[in-house]
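Next come the chains, spelled out residue by residue.
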Amino acid sequence: MSRTQVIRVLTIVALAGALGLAGCGRKSALEPPPSAQAAPPPPAQQQSGWRSPSGLVPDLTPTEQPQTLPPAKNRSFPLDPLLN
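Residues numbered from 1 in each chain as written. Predicted model: local features only at pLDDT ≥ 70, side-chain atom pairs only at ≥ 80, totals over all residues. Heavy atoms only, no water.

Asker: I'm lost on the overall build of the protein in this one. Help?
Answerer: Summing up its helical and strand segments, the protein has two helices and zero strands in all. Carbon and sulfur atoms make up 62% of the accessible area of the protein, which amounts to about 9,100 Å² in all. (Helix = DSSP H or I, 4+ residues; strand = E, 2+ residues; numbered from the N terminus. Areas by Shrake-Rupley, 256 points an atom, 1.4 Å probe, with all protein chains shown as cover.)

Asker: Sorry if this is basic, but what is going on with a nonpolar patch on the surface here?
Answerer: Among the surface-exposed residues, M1, V6, V9, L10 and V13 lie close enough to one another that they form a single nonpolar patch of about 500 Å² accessible area. By the secondary structure assignment, V13 is in helix 1 (residues 3-22). Owing to a relative accessible area of 52%, V13 belongs among the exposed residues under this scheme. (Patch = residues over 30% accessible without salt bridge, like charges linked within 9 Å, V, L, I, M, F, W, Y side chains within 5 Å. Salt bridge = Lys/Arg side-chain N within 4 Å of Asp/Glu carboxyl O. Buried < 20%, exposed > 50% of the residue type's maximum accessible area, 1.4 Å probe, protein only.)

Okay, structure coming up:
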């Protein structure tokens, strides 16, 4: 085998190995260790709104209905024929 063929074979083997190892992982959240326990949820408190202790921040309790936005205009996009 010539030197070029050896380099080509080694490159193919390295790429195949990298592709093989790339598929080994799981695509999900990390699992906690076996000794880990979930923290208990905090107790629920019924509050009408948050108020600052100093009174400098106004009451953040929503008292009005949220304003709704008008409907969006139907504008065209140059690629619309491809998307529709």
